[in-house]
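# Residue-level structural notes
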Amino acid sequence: MTTRIDRRMAKLKAEGRPALVTYFMSGDPDYGTALSIMKALPKAGADIIEMGMPFSDPMADGPAIQAAGLRALKGGQTLVKTLKMASEFRAADNETPIVLMGYYNPIYIHGVDRFLRDALASGIDGLIVVDLPPEMDEELCIPALKAGINFIRLATPTTDDKRLPKVLQNTSGFVYYVSMTGITGSALADTGKVAAAVTRIKGHTDLPVCVGFGVKTAEQARIIGASADGVVVGTAIVNAVANVLGPKGEKTADPAEAVATLVSGLSQGVRAARLAAAE
Amino acid sequence: MNKPAIPNSFRTGPDEQGMFGIFGGRFVAETLMPLILDLERHWNEVKDDPDFKAELTDLSTHYAGRPSKLYFAEGLTRHLREVSSTKGLGGGAKVYFKREDLNHTGSHKINNCLGQILLAKRMGKKRIIAETGAGQHGVASATVAARFGFPCVVYMGATDVARQSPNVFRMKLLGAEVRPVTAGHGTLKDAMNEALRDWVTNVEDTYYLIGTAAGPHPYPELVRDFQSVIGTEARAQILEQEGRLPDTIIAAVGGGSNAIGLFHPFLDDRSVKIIGIEAGGRGLDGIEHCASMSAGAPGVLHGNRTYLLQNADGQIMDGHSISAGLDYPGVGPEHSWLRDSGRVDYVPILDDEALEAFQLTTRVEGIIPALESAHAIAHAIKIVPAMDKDQIVIVNLSGRGDKDVHTVANMLGMEI
């Protein structure tokens, strides 16, 4: 069965350019603002949306995404509201794939079966759950695949050739290559090494490989996009929101506009990627 | 949640996936997964290796001062018999303290640190990181790092840095770098998040020396095995001193390493009643406690599934305890399993009760217990007067209380 992610990736492949995958934190700084940010993303050139599900203890995230999650939780965001936001978005856009990204506990507490039903009904296409490695596939990955939701796995520099097949086994939609060891928002790794890693993963799978962790500028997006099937940008977007919030969380400018400006620039980067590669 | 069937033995867990029933597991980011598998492989190599055991035993004996004594707490026993008489009961069991406070560094934490530092050395690691709450594990980690020449970074919640300043200074003297963590309430949970972030960043050379019997498999198992020396000794000592097993054993449970260390060797002695004490803080009605098994629900945090304090959305609560070492919203997964299987009872003790036990023990025994251990003693104070005189209770005196004198003075309205 094909999903919105499969169809979008196939379309971009035909166009000969990588995907721009944009992460935002649902509920940051509040529900209404976050929904307007989400709606602005495809218009600004985002091809796939990653919706961050806030969690109190985001162990793999750096300070920027930690702070965004806490702002969202303070603003009253819950998993139920995140799914509601997705369905409101989906009512006006039935094409752009939505991937939920976060940690397992809120899903586990919601109940896995109930979560998958609700996620499907809300137009969710894929899941990235940071703290569910392949060893824990019975928890959510297998049920999600049965329900028709892509389970997108992270591969990292520590995932060697021996382990890659295990990581890729139940992965669908795309593979998310984390360009370095570390938390989100750190500096971008050596781009040459990233290209080599993408080639290595492609030797094991036909799935598209998207690269994230550390991509902040259009130029970086262009360079990474020359070898990868997609470029993931998260912390830079979350920072664009934080930058227009005052000390008490008050908005000093429109966060959706700030995000749109950033994403438009990044979008130029991925659209130039293969042209540059072909030179 | 299904109740697990009563097993033939309570001492066989975890299974190959690191599960104790539904609890435990390996809920970590992919970056850490190869490291955890590598740790498991090395752990399996050393756990039955006579050379490794010999080296650990030698250090435990000559460096840490083991075996720790099993001490008949005559003063406390006499006091509780008087209480019993006053109530017209005429009873009062004999109370023994397992004196982990007498170990080098002043708590049971050294048992685990010596084991893990030898493991880190075998794995060729170059750098040690640790999290700490009360600072006892931080001090023990800094100690073994100094002894074996490793650089050491200790993550400690900013709140705990303030309330455990003597231990912060000790760590610095030992050459460790103490990094205060300001996220959340600035307690043990936040310190553990930050330690995991360090580990995920420095995967090549760093060994994460977890201080309690929690986290992803194989940590709960290996920490338990290193701490089980407590129960193994106590069991042999009580048989020698009293000629029989105790009726009840009691230990405080934060993450639960001193408790699982005492309990594990007794789990299949069905006649022995086993009680774990959770931090009841200011009472279980509100959110100001850390009684995850009495008032929480199973969830996933810090690499394992276990009982957690959390809200209906699965967000983890911060909790509260007078004792920094118990100020953690979760518990080791084996405790969660022992709770559900019914083998161990877990009950809360309030801040005030622990504070009273702290003062009483100091007065009648001349021993200043750690506030964590005072929770366990407080429960003994509750139950011993109603027991018979020929019954025996062992309380794990997991650490010394010098580190807590500032907190206690503050609570009592005194300035020092």
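Residues numbered from 1 in each chain as written. Chains lettered and ligands numbered in written order. Predicted model: local features only at pLDDT ≥ 70, side-chain atom pairs only at ≥ 80, totals over all residues. Heavy atoms only, no water.

## Quick look at the overall build of chain B
Note the cut-off: In this description a helix means any DSSP run of H or I spanning at least four residues, a strand means any run of E spanning at least two, and both kinds are numbered starting from the N terminus. In this description the radius of gyration comes from C-alpha coordinates, and the expected globular size is given by 2.2 Å times residues to the power 0.38. Three exposure classes are used, based on accessible area relative to the maximum for each residue type with a 1.4 Å probe and protein chains only: buried under 20%, partly exposed in between, and exposed over 50%. Areas reported here follow the Shrake-Rupley algorithm with a probe of radius 1.4 Å; residue values treat only the protein chains shown as occluding.
Along the backbone of chain B there are 16 helices and 14 strands. Expected size for 416 residues packed as a compact globule is a radius of gyration near 22 Å; at 20 Å, chain B falls within 12% of this value. The proportion of buried residues among the 416 residues of chain B is 65%. A total accessible area of about 14400 Å² is found for chain B, and carbon and sulfur atoms account for 51% of it.

## Thoughts on the overall build of chain A
Applicable threshold: Counted as positive: Lys and Arg. Counted as negative: Asp and Glu, with His and the chain ends omitted from the count. Charge positions are represented by NZ for Lys, CZ for Arg, CG for Asp and CD for Glu.
When its secondary structure is counted, chain A shows 12 helices and 9 strands. For chain A, the C-alpha radius of gyration of 17 Å lies close to 19 Å, the compact-globule estimate for 279 residues. Structurally, chain A occupies a C-alpha span of about 45 × 40 × 35 Å along its principal axes. Summing over all exposed atoms, chain A offers an accessible surface of approximately 10300 Å²; the carbon and sulfur share of this is 55%. Both charge centroids of chain A, one from 29 positive and one from 29 negative side chains, sit 2 Å from each other.

## Digging into the packing of aromatic side chains
Here is the rule we go by: A pair of aromatic rings is counted whenever rings of Phe, Tyr or Trp (Trp by its six-membered ring) have centres within 6.5 Å, and the orientation is called stacked for planes under 30 degrees apart, edge-to-face for over 60 and tilted otherwise. Lysine NZ or arginine CZ positioned within 6 Å of the ring centre and within 35 degrees of the ring normal marks a charge as sitting over the ring.
On inspection of all chains with the given rule, the structure shows 13 aromatic pairs over all chains. Ring geometry for Trp43 of chain B versus Phe226 of chain B: centroids 5.3 Å apart, planes at 70 degrees, classification edge-to-face. You can see Trp43 of chain B sitting in helix α1 (residues 33-46) and its partner Phe226 of chain B sitting in helix α9 (residues 219-227), a full 183 residues away along the chain. Relative accessible area serves as the criterion here: at 3%, Trp43 of chain B is assigned to the buried category. Considering the side-chain rings of Trp199 of chain B and Tyr219 of chain B, the 6.3 Å spacing of their centres and the 70 degrees angle between planes classify their relative orientation as edge-to-face. On the criterion of sequence distance, the pair formed by Trp199 of chain B in helix α8 (residues 188-201) and Tyr219 of chain B in helix α9 is long-range, its members being 20 residues apart. For the pair shown, Trp199 of chain B and Tyr219 of chain B are each scored as buried. These aromatic residues form a ring-pair network of at least three members: Tyr104 and Tyr108 of chain A together with Phe27 of chain B. Sitting over the ring of Phe72 of chain B, Lys94 of chain B keeps its end group 4.8 Å from the ring centre. For the cation-ring pair, Arg147 of chain B lies above Tyr63 of chain B, with the distance from its terminal atom to the ring centre recorded as 5.8 Å.

## Here's the deal with the interface of chain A and chain B
In plain terms, the rule: Note on contacts: a residue pair is in contact if any heavy atoms of the two residues lie within 4.5 Å. Two parts placed together each lose some accessible area under a 1.4 Å probe, and adding up what both lose gives the buried area. The salt bridge criterion pairs a side-chain nitrogen of Lys or Arg with a carboxyl oxygen of Asp or Glu, the two atoms within 4 Å.
At the junction of the two partners, chain A supplies 34 residues and chain B supplies 36 residues. Between chain A and chain B, roughly 2800 Å² of surface is buried when both sides are summed, and carbon and sulfur atoms account for 55% of that area. Together, Asp57, Met59 and Tyr108 of chain A form the three largest contributors to the area buried by chain A at its contact with chain B, with a combined 21%. If you look at where chain A meets chain B, you find 3 salt bridges. Arg305 of chain B is paired through a salt bridge with Glu139 of chain A; the nearest N and O atoms lie 2.5 Å apart.

## So, the pattern of salt bridges
Counted according to the given criterion, the structure contains 45 salt bridges over all chains. For Arg66 of chain B, the salt bridge identified is with Glu233 of chain B, shortest N-O distance 2.8 Å. Of the two residues, Arg66 of chain B sits in the loop between α2 (50-64) and β3 (70-72) while Glu233 of chain B sits in helix α10 (residues 229-242), which places them 167 residues apart along the sequence. Glu233 of chain B carries the same exposure label as Arg66 of chain B, and that label is buried. Put simply, Lys11, Glu15, Arg17 and Asp47 of chain A are held in one network by salt bridges that share partners.

## Quick look at the state of the cysteines
To keep it simple, the criterion reads: A pair of cysteine sulfur atoms is labelled a disulfide when the two atoms are within 2.5 Å.
Scanning all chains against the criterion turns up 0 disulfides over all chains. Free cysteine: Cys141 of chain A, not disulfide-bonded; nearest cysteine sulfur from Cys210 of chain A at 17 Å. You can see Cys152 of chain B has no disulfide; the closest cysteine sulfur is in Cys113 of chain B, sitting 8.7 Å from it. Since its relative accessible area comes to 6%, Cys152 of chain B is described here as buried.

## Concerning the UniProt feature "active site" (unreviewed entry) in chain A
Defined as follows: UniProt positions are given in the numbering used here, feature names are shortened, and annotations may be inferred rather than shown by experiment.
Following the UniProt record, one finds the feature "active site" (unreviewed entry) at Glu50 and Asp61 of chain A. Beyond its immediate stretch of four places on either side in the chain, Glu50 of chain A contacts Val21, Thr22, Tyr23, Phe24, Val99, Met101, Ile128, Phe174, Tyr176 and Val232 of chain A. Considering the arrangement of structural elements, one finds Asp61 of chain A in the loop between β2 (48-52) and α3 (63-74). With near-sequence residues (within four places) excluded, Asp61 of chain A lies in contact with Gln66, Tyr103, Ile183 and Thr184 of chain A together with Arg197 of chain B.

## Remarks on the sheet that holds strand β12 (residues 303-308) of chain B
Sheet strands line up and pair through hydrogen bonds in the backbone, either parallel or antiparallel. All names here are of chain B. Test applied: Two strands pair if DSSP finds at least two bridges between them. In this analysis, axes come from line fits to C-alpha atoms, helices being fitted only over the stretch in contact, and the angle between any two N-to-C directions falls in the range 0 to 180 degrees.
Spatially, 4 strands are ordered β1-β2-β12-β11 in an open sheet, and the strand pairing comes out antiparallel. Edge positions in the sheet fall to β1 (19-20) and β11 (297-301), since each has one partner strand and no second. One ladder, built from 5 bridges, connects β11 with β12; its direction is antiparallel. Bridging from a neighbouring strand, Ala297 pairs with Leu308 of β12. Each of β1, β2 (23-27) and β12 touches helix α13 (residues 333-341); the most contacted strand, β12, lies at about 45 degrees to it.

## Examining the sheet that holds strand β7 (residues 177-181) of chain B
Residues and elements named next belong to chain B. Judged by pairing direction, the sheet is parallel, and its 4 strands sit side by side in the order β7-β6-β5-β8 without closing on themselves. Pairing within the sheet leaves two strands with one partner each, and these edge strands are β7 and β8 (206-208). Here the average twist between neighbouring strands, direction ignored, is 25 degrees. With respect to the sheet, helix α5 (residues 136-148) is in contact with β5 (127-132) and β6 (152-157), its orientation differing from that of β5 by roughly 165 degrees.

## Some words on the UniProt feature "modified residue: N6-(pyridoxal phosphate)lysine" (unreviewed entry) in chain B
All names here are of chain B. Taking the UniProt record as the reference, the feature "modified residue: N6-(pyridoxal phosphate)lysine" (unreviewed entry) is found at Lys109. With respect to the helices and strands, Lys109 occurs in helix α4 (residues 109-122). Apart from the residues lying within four places of it in its own chain, the contact partners of Lys109 are Gln136, His137, Ala140, Gly211, Thr212, Gln227 and Ser257.

## Quick look at helix α10 (residues 218-225) of chain A
Filter applied, for reference: In this description, one arc is meant: the one made by directions from the helix axis to the C-beta atoms.
Every buried residue belonging to α10 of chain A is among Ala221, Ile224 and Gly225 of chain A, and all of these are buried. The buried side chains of α10 of chain A occupy one side of the element, clustering within an arc of 95 degrees when seen end-on.

## Quick word on the packing of α2 of chain B against α4 of chain B
Residue and element names in this part refer to chain B. Rules: Any angle between 65 and 115 degrees counts as roughly perpendicular, while under 35 counts as roughly parallel, over 145 as roughly antiparallel, and the rest as oblique. Take the far helix as your reference; a near helix turned counterclockwise from it by less than a right angle gives a left-handed crossing, and one turned clockwise gives a right-handed crossing. The classification used treats Ala, Val, Leu, Ile, Met, Phe, Trp, Tyr, Cys and Pro as nonpolar, Asp, Glu, Lys and Arg as charged, and all other residues, Gly among them, as polar.
Between α2 and α4, whose axes approach to 10 Å, the crossing angle comes to 135 degrees. The orientation of α2 with respect to α4, classified from their angle, is oblique. As α2 runs across α4, the sense of the crossing is right-handed. In this structure, α2 contributes Asp51, Phe52, Glu55, Leu56, Leu59, Ser60, Tyr63 and Ala64 to the contact, and α4 contributes Ile110, Leu114, Gly115, Leu118, Leu119, Lys121 and Arg122. For the contact of α2 with α4, a count of residues per class yields 9 nonpolar, 2 polar and 4 charged.

## What about the environment of Cys113 of chain B?
Residues and elements named next belong to chain B. For Cys113, the position within the fold is in helix α4. Judged by relative accessible area, Cys113 falls into the buried class, the value being 0%. Setting aside anything within four residues of it in sequence, one finds Cys113 in contact with His137, Ala140, Ser141, Val144 and Leu209.

## Brief notes about the UniProt feature "domain: Tryptophan synthase beta chain-like PALP" (unreviewed entry) in chain B
In the numbering used here, UniProt assigns the feature "domain: Tryptophan synthase beta chain-like PALP" (unreviewed entry) to residues 87-398 of chain B. With 41% helix and 21% strand, the stretch residues 87-398 of chain B has end C-alpha atoms that lie 30 Å from each other.

## Some remarks on the environment of Lys69 of chain B
All names here are of chain B. Mapped onto the fold, Lys69 is located in the loop between α2 and β3. For Lys69, a relative accessible area of 53% puts it in the exposed group. Note: C-alpha distance between Lys69 and Gln237 (168 residues apart in sequence) is 8.3 Å. Excluding residues within four positions of it along the chain, Lys69 makes contact with Phe97, Lys98, Arg99, Leu102 and Gln237.

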